[in-house]
Amino acid sequence: MKFFVDTADIDAIRELNDLGLIDGVTTNPSLIMKSGRNIKEVTKEICDMVDGPVSAETVALDAEGMIAEGLELKKIADNIAIKVPLTLDGLKACKHLTGEGHMVNVTLCFSANQALLAAKAGATFISPFIGRLDDQNLDGMELIQDIRTIYDNYGFETQILAASIRSANHMKDAALIGADVATAPPAVIKSMASHVLTDKGLEGFLKDWEKTGQKIL
Ligand code: E4P
């Protein structure tokens, strides 16, 4: 499973990128707002740092507007994935942009039928939002499973990008189901490394090592 980091915070992206843990980045208008940066400037910095796809989201509501904005965002760097919403206009824009060879991430997906349409429109990525479904007492992970089954039934090549991930358990469950990619906030990705028994075990080993009086270097 590929890991994308869901943020426009340059320092957080650099930290994870330096650890070699991320394969791409996703942003959205809320994350750009949170960064306090200009969308083109911050996206360019991210694209220069990270080798994989960097999703930058359009804000127009009509297909023509999305296509125009998408092509403008695409000028930032070759690794831009144009993000469009899962509406009929978004699907039209997706079909057009992927037809021209651009990567497209269809976002705000909340149902298997929406994901099926995105695959028909040739989306590179489909982004089902797990956490926001869970917030409504629905089952976000069940959606990932349904999309996996449907895409495998027909050999659709659209990659399932599990989004709106809120916990390390979400990462594990998405991986077990076979999501192609998961995008998560930096803190969630880092929390995957934590285990209380790792901390306890390390403490014990270091105490015993000190008693030996030895040094490795
Ligand atoms: C995905 O591309 C979105 O940016 C993101 O995962 C949304 O997550 P949220 O529901 O935590 O805002």
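First things first, this report covers the structure right here in the doc. These numbers were taken from a predicted model, which means no experiment stands behind them.

1. Regarding the packing of aromatic side chains
Inspection of every chain in the model, using the stated rule, returns four aromatic pairs. Aromatic pair Tyr154 and Phe156: ring centres 6.2 Å apart, planes at 50°, arrangement tilted. Owing to a relative accessible area of 63%, Tyr154 belongs among the exposed residues under this scheme. The class for Phe156 is partly exposed, based on a relative accessible area of 23%. Among the aromatic residues, ring-to-ring pairing joins Tyr151, Tyr154 and Phe156 into one connected group.

2. A few points about the site of the ligand
All residues in the neighbourhood of the ligand are listed as Asp6, Thr26, Asn28, Lys83, Phe129, Arg132, Ala163, Ser164 and Arg166. With respect to the ligand, the side chain of Asp6 contributes an N or O atom lying 2.8 Å from an oxygen atom. Interatomic distance of 3.1 Å between a side-chain N/O atom of Arg166 and an oxygen atom of the ligand. Isolated, the ligand exposes 350 Å² of accessible area, and the fraction of that covered by the protein chains is 86%. Residue composition of the shell around the ligand, by class: two nonpolar, three polar and four charged.

3. Overview of a nonpolar patch on the surface
Residues Trp209, Ile216 and Leu217 make up a contiguous nonpolar surface patch of about 440 Å² in total accessible area. Following the sequence through the fold, Leu217 ends up in the segment after helix H11 (196-212). On the basis of relative accessibility, which here comes to 96%, the residue Leu217 falls in the exposed class.

4. Observations regarding the packing of helix H8 (residues 140-154) against helix H9 (residues 168-177)
H9 packs onto H8 with a crossing angle of 20° between their chain directions and a minimal axis gap of 10 Å. One way to sum up the angle between H8 and H9 is to call them roughly parallel. In this structure, H8 crosses over H9, and the sense of that crossing is right-handed. Contacts from Met141, Ile144, Gln145 and Arg148 of H8 reach H9 at His170, Asp173, Ala174 and Ile177. Of the residues contributing to the contact of H8 with H9, the split by class is four nonpolar, two polar and two charged.

5. Overview of the nonpolar core
One finds Ile46, Val84, Val106, Ile126, Ile144, Ala162 and Ile165 to be the most contacted residues of the largest nonpolar core, which totals 58 residues. Here the element with the most residues in this core is H8; it accounts for five residues. Filtering out sequence-adjacent residues up to four positions away, Ile46 remains in contact with Thr7, Ala8, Ile10, Ile13, Val25, Thr27 and Val54. Membership of the second largest hydrophobic core comes to five residues, among which are Phe4, Phe125, Leu161 and Val181.

6. Section: the pattern of salt bridges
Within this structure, the stated rule accounts for 13 salt bridges. With its nearest N and O atoms 2.9 Å apart, the salt bridge here joins Glu72 to Lys40. Within this pair, whereas Glu72 is found in helix H4 (residues 63-74), its partner Lys40 is found in helix H3 (residues 39-49), the two being separated by 32 residues in sequence. You can call Glu72 partly exposed: its relative accessible area is 32%. The partner of Lys92 in a salt bridge is Glu64, with the nearest N and O atoms 3.5 Å apart.

7. Some details on the environment of Asn137
Mapped onto the fold, Asn137 is located in the loop between helix H7 (130-135) and H8. Judged by its relative accessible area of 74%, Asn137 falls in the exposed class. Spatially, the C-alpha atoms of Asn137 and Met66 are 32 Å apart, while their sequence positions differ by 71 residues.

Parameters at a glance
- Residues numbered from 1 in each chain as written.
- Predicted model: local features only at pLDDT ≥ 70, side-chain atom pairs only at ≥ 80, totals over all residues.
- Heavy atoms only, no water.
- Phe/Tyr/Trp six-rings, centres within 6.5 Å; stacked < 30°, edge-to-face > 60°.
- Buried < 20%, exposed > 50% of the residue type's maximum accessible area, 1.4 Å probe, protein only.
- Near = heavy atom within 4 Å.
- Polar contact = N/O pair within 3.5 Å; in protein donor to acceptor, adjacent residues only side chain to side chain.
- Areas by Shrake-Rupley, 256 points an atom, 1.4 Å probe, with all protein chains shown as cover.
- Nonpolar A, V, L, I, M, F, W, Y, C, P; charged D, E, K, R; others polar.
- Patch = residues over 30% accessible without salt bridge, like charges linked within 9 Å, V, L, I, M, F, W, Y side chains within 5 Å.
- Salt bridge = Lys/Arg side-chain N within 4 Å of Asp/Glu carboxyl O.
- Helix = DSSP H or I, 4+ residues; strand = E, 2+ residues; numbered from the N terminus.
- Axes fitted to C-alpha atoms, helices over the stretch in contact; angles between N-to-C directions.
- Parallel < 35°, antiparallel > 145°, perpendicular 65-115°, else oblique.
- Left-handed = near helix turned anticlockwise from the far one by under 90°.
- Contact = heavy atoms within 4.5 Å.
- Core = buried A, V, L, I, M, F, W, Y, C linked by side-chain atoms within 4.5 Å.

That is the geometry; function is a separate question.
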